[in-house]
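Take a look at the letters that make up each chain.
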Amino acid sequence: MRLIRVKDYAAMSDEAFAIVYERMSTNPRLTLGLATGSTPVGLYERLVSAYRTGKLSFREARSFNLDEYVGLAPDHPQSYAYFMREHLFDHVDLPAGRWDIPSGIAPDLAEECARYEAAIEAAGGIDLQVLGIGPNGHIGFNEPGTSLDSRTHVVELTESTRRANARFFDRPEEVPTHAITMGLGTILRAREIILLASGESKAEAMARLFSLNDFDPELPASSLHRHPEVWVIADEAALSRVRV
Ligand code: GLP
């Protein structure tokens with residue numbers, strides 16, 4: 001795991017963009033794994049401007065998102081499908097059939113999880129996975145206690161995760177109780193991973209991540225210690241409790 005320490009959110013987004021831009025320029029057929037939440041918004045803004053200024057095309061790329069809320073249709077403003085269209089897909093030339101997000105309204109959720117895993121495999125796997133981190137150390141929606149070899153599955157969200165994500169909803173009760181997420185095993189199969197963290201609310205999770213040197217199920221992000229190609233890009237506030 002390599003740490004890139006940066007000053008603030010903008011610098012974190014610049015560093016993340018530099019890596020994604022380099023990999024997409026080298027391999028236009030890159031398969032991306034994408035995340036939602038506030039953290040990757042700056043990265044997506046930079047990708048959109050690179051597309052608009054003709055520096056980058058998504059025509060041959062592919063993407064798979066980490067997760068989706070159960071019960072929210074893709075046109076629901078708080079769904080992750082809606083988020084991705086709003087922040088990236090509607091503004092670049094990634095063809096409609098080349099991005100995939102688990103469906104939170106599939107009639108058979110177990111079947112949807114299996115479909116999603118098979119689609120990732122059929123695409124040849126994920127080349128570059130972008131991750132954020134929850135305040136409790138979750139990645140995707142893999143909550144504490146998730147096993148290392150888990151694949152795409154349905155999870156019950158913890159109260160702390162529902163609280164952390166309530167800011168996106170009108171009322172806290174509207175935050176869904178369940179989600180579909182790639183498993184830790186799915187994430188670890190990506191060839192390269194970047195984990196982004198910004199702000200004081202991530203300081204405790206980052207301190208725990210760097211106090212470990214192997215997987216601890218209580219901190220799902222620590223599974224990344226088992227992967228050979230991980231970049232952690234974090235700002236000063238997120239690293240404020242890490243002792244180097
Ligand atoms: C959600 C998402 C995660 C994301 C995390 C952090 O729970 N499922 O994929 O990384 O929140 O979100 P934020 O970037 O808004 O802090």
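Just so it is clear, the model here is predicted, and its values are computed rather than measured.

Participant: A description of helix α3 (residues 80–87) should follow, citing residues and the corresponding values.
Facilitator: When we look at burial in α3, the residues that qualify are Y80, A81, F83 and M84. Taken end-on, α3 shows its buried residues confined to a sector of 160°, consistent with a single buried face. Close packing links the buried residues of α3 with β2 (31–34), α2 (41–52), β3 (62–65), β4 (67–69) and α5 (159–165).

Participant: Residue-level account of the nonpolar core, with values.
Facilitator: Of all hydrophobic cores here, the largest spans 34 residues; its most connected members are L47 and L88. Counting only elements with at least two residues in this core, the list comes to β1 (2–6), α1 (9–26), β2, α2, α3, β6 (128–131), β9 (192–197) and β10 (230–235). When residues no more than four places from it in sequence are discounted, the contact partners of L47 are F17, V20, L56, F58, L88 and V92. Among the nonpolar cores identified, the runner-up in size contains 30 residues, and I187, V230, V232 and A238 belong to it.

Participant: Lay out the site of the ligand in plain terms, naming residues and giving numbers.
Facilitator: What surrounds the ligand is a group of 14 residues, the closest being S38, T39, D67, R167 and K202. T39 places a polar side-chain atom, nitrogen or oxygen, 2.4 Å from an oxygen atom of the ligand. Contact distances for the ligand include 2.8 Å between a nitrogen atom and a side-chain N or O atom of D67. When the free accessible area of the ligand is taken as 390 Å², the share hidden by the protein chains comes to 96%. Partitioned by chemical class, the residues of the shell around the ligand number four nonpolar, seven polar and three charged.

Participant: Got a sec to walk through the confidence of the model for the protein? Specific residues and values, please.
Facilitator: Taken over all residues, the pLDDT of the protein has a mean of 97, while the share at 70 or more is 100%. Considering each helix and strand of the protein separately, the mean pLDDT is smallest for α5, with a value of 92, and largest for β6, with 99.

Participant: How would you explain the packing of aromatic side chains if you had to name every residue and give the values?
Facilitator: Applying the stated criterion to the full structure yields seven aromatic pairs. Arranged with centres 6.0 Å apart and planes meeting at 15°, the rings of Y80 and F141 form a pair that is stacked. Of this pair, Y80 sits in helix α3 while F141 sits in the loop between β6 and β7 (153–156), and the two are 61 residues apart along the sequence. Exposure class is identical for Y80 and F141. Each is buried.

Quick notes on the rules
- Residues numbered from 1 in each chain as written.
- Predicted model: local features only at pLDDT ≥ 70, side-chain atom pairs only at ≥ 80, totals over all residues.
- Heavy atoms only, no water.
- Buried < 20%, exposed > 50% of the residue type's maximum accessible area, 1.4 Å probe, protein only.
- Helix = DSSP H or I, 4+ residues; strand = E, 2+ residues; numbered from the N terminus.
- Arc of directions from axis to C-beta.
- Contact = heavy atoms within 4.5 Å.
- Core = buried A, V, L, I, M, F, W, Y, C linked by side-chain atoms within 4.5 Å.
- Near = heavy atom within 4 Å.
- Polar contact = N/O pair within 3.5 Å; in protein donor to acceptor, adjacent residues only side chain to side chain.
- Areas by Shrake-Rupley, 256 points an atom, 1.4 Å probe, with all protein chains shown as cover.
- Nonpolar A, V, L, I, M, F, W, Y, C, P; charged D, E, K, R; others polar.
- pLDDT = per-residue confidence, 0-100.
- Phe/Tyr/Trp six-rings, centres within 6.5 Å; stacked < 30°, edge-to-face > 60°.

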